[in-house]
Amino acid sequence: MTPSKNLSLHFFAFFLTIVFSVYAEHPKLSTEVILLYGTSCARKSTLANKLQESLEHSWQVLDWDDYAEEFGDDLASELLINDLTQHLINDKRVIIDAQPCLELESALRNYNVKTILVYSPLKTLISRDDARTILLKRPEKRRQYARAYIYETFFQLYGNDS
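The shown structure was predicted, so the numbers you read here are calculated from the model rather than taken from an experiment.

Parameters at a glance
Residues numbered from 1 in each chain as written. Predicted model: local features only at pLDDT ≥ 70, side-chain atom pairs only at ≥ 80, totals over all residues. Heavy atoms only, no water. Axes fitted to C-alpha atoms, helices over the stretch in contact; angles between N-to-C directions. Helix = DSSP H or I, 4+ residues; strand = E, 2+ residues; numbered from the N terminus. Parallel < 35°, antiparallel > 145°, perpendicular 65-115°, else oblique. Left-handed = near helix turned anticlockwise from the far one by under 90°. Contact = heavy atoms within 4.5 Å. Nonpolar A, V, L, I, M, F, W, Y, C, P; charged D, E, K, R; others polar. Expected span 1.5 Å × (residues − 1). Buried < 20%, exposed > 50% of the residue type's maximum accessible area, 1.4 Å probe, protein only. Arc of directions from axis to C-beta. pLDDT = per-residue confidence, 0-100. Salt bridge = Lys/Arg side-chain N within 4 Å of Asp/Glu carboxyl O. Lys, Arg positive; Asp, Glu negative; His and termini not counted.

J.: Lay out the packing of helix α6 (residues 122–136) against helix α7 (residues 140–158) with the relevant residues and their values.
T.: Close contact between α6 and α7 brings their axes to 11 Å; oriented N to C, the two are set at 160 degrees. With respect to their mutual orientation, α6 and α7 come out roughly antiparallel. You can see that α6 and α7 cross each other, and the crossing is right-handed. Within the contact between the two elements, α6 uses L122, L125, I126, D129, D130 and T133 and α7 uses R143, A146, R147, I150, Y151, F154 and F155. Considered class by class, the residues forming the contact of α6 with α7 number eight nonpolar, one polar and four charged.

J.: Break down α7 for me, with residues and values.
T.: Residue pairs spaced three or four apart in an α-helix point in one direction, given the helix's 3.6 residues per turn. Between the first and last C-alpha of α7 there are 27 Å, a value that for 19 residues agrees with the 27 Å anticipated at 1.5 Å per step. Restricting attention to buried positions, one finds in α7 the residues R142, A146, R147, Y149, I150, T153, F154 and Y158. Buried residues in α7, looked at end-on, bunch into an arc of 160 degrees, giving them a common side. For α7, exposure combined with an orientation more than 90 degrees from the buried face picks out K141 and Q156. Structurally, α7 contributes buried residues whose contacts are with α3 (64–71), α4 (73–89), β4 (113–117) and α6. Backbone geometry just downstream of α7 places G159 in the positive-phi region, at approximately 70 degrees.

J.: Talk me through the confidence of the model for the chain; I want residue IDs and the actual numbers.
T.: Of all residues in the chain, 80% have pLDDT values of 70 or greater, and the mean over the chain is 82. Confidence, read as mean pLDDT per element, is least for helix α1 (residues 3–24) in the chain (56) and greatest for α6 (95).

J.: Just give me the short version of the pattern of salt bridges, but keep the residues and values in it.
T.: Per the counting criterion, the structure on display carries eight salt bridges. For E140, the salt bridge is made with R143, and the minimal N-O distance between the two is 2.8 Å. Within this pair, E140 and its partner R143 are both found in helix α7, separated by three residues, close to a single helical turn. Overall, the relative accessible area of 44% leaves E140 in the partly exposed class.

J.: Mind laying out the environment of Y111, listing which residues take part and the relevant values?
T.: Secondary-structure assignment places Y111 in the loop between α5 (102–107) and β4. Along the primary structure Y111 and V33 are separated by 78 residues, whereas in three dimensions their C-alpha atoms are 7.3 Å apart.

J.: Explain the side chain of R128 to me, and be specific about the residues and the numbers.
T.: Here R128 is to be found in helix α6. Of the side chains bearing the opposite charge, D65 lies closest to the buried R128, which forms no salt bridge; the N-O distance is 10 Å. R128 has contacts with C41, A42, R43 and S120, leaving out every residue within four places of it along the chain.

Dropping the structure here:
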């Protein structure tokens, strides 16, 4: 990541910290969940971690991709929602890094959620996915599935805009 992009993420996380701090002072506006929405490899995890840092680690980060890599896509949403529910029952604030998922939207229905759509061009997503495949030493079947999921969620969120 170039220094200017890293600085931009730091600035954006700092900006969000100020916004959420203002909301925290007003009980009716208090945010319980920050949902960073977008395709895999859009830099949601990077933003989530910068935001958590800026909020002095008072928020827990739940990353859908971590669940998918460890347990597979079929269980990822269910396990993330279970962990999310436990955190919210214990009055913890949560930053969720996820792709579109009806089950997650349903689970969040009764909470004060601030949603941020994180966009990256398709060409950039593919390049980052190639790097992630090498880093994680993904088997070919998992690589193909992850790539197909990027295309599916990209076109679901943004249409043909690349």
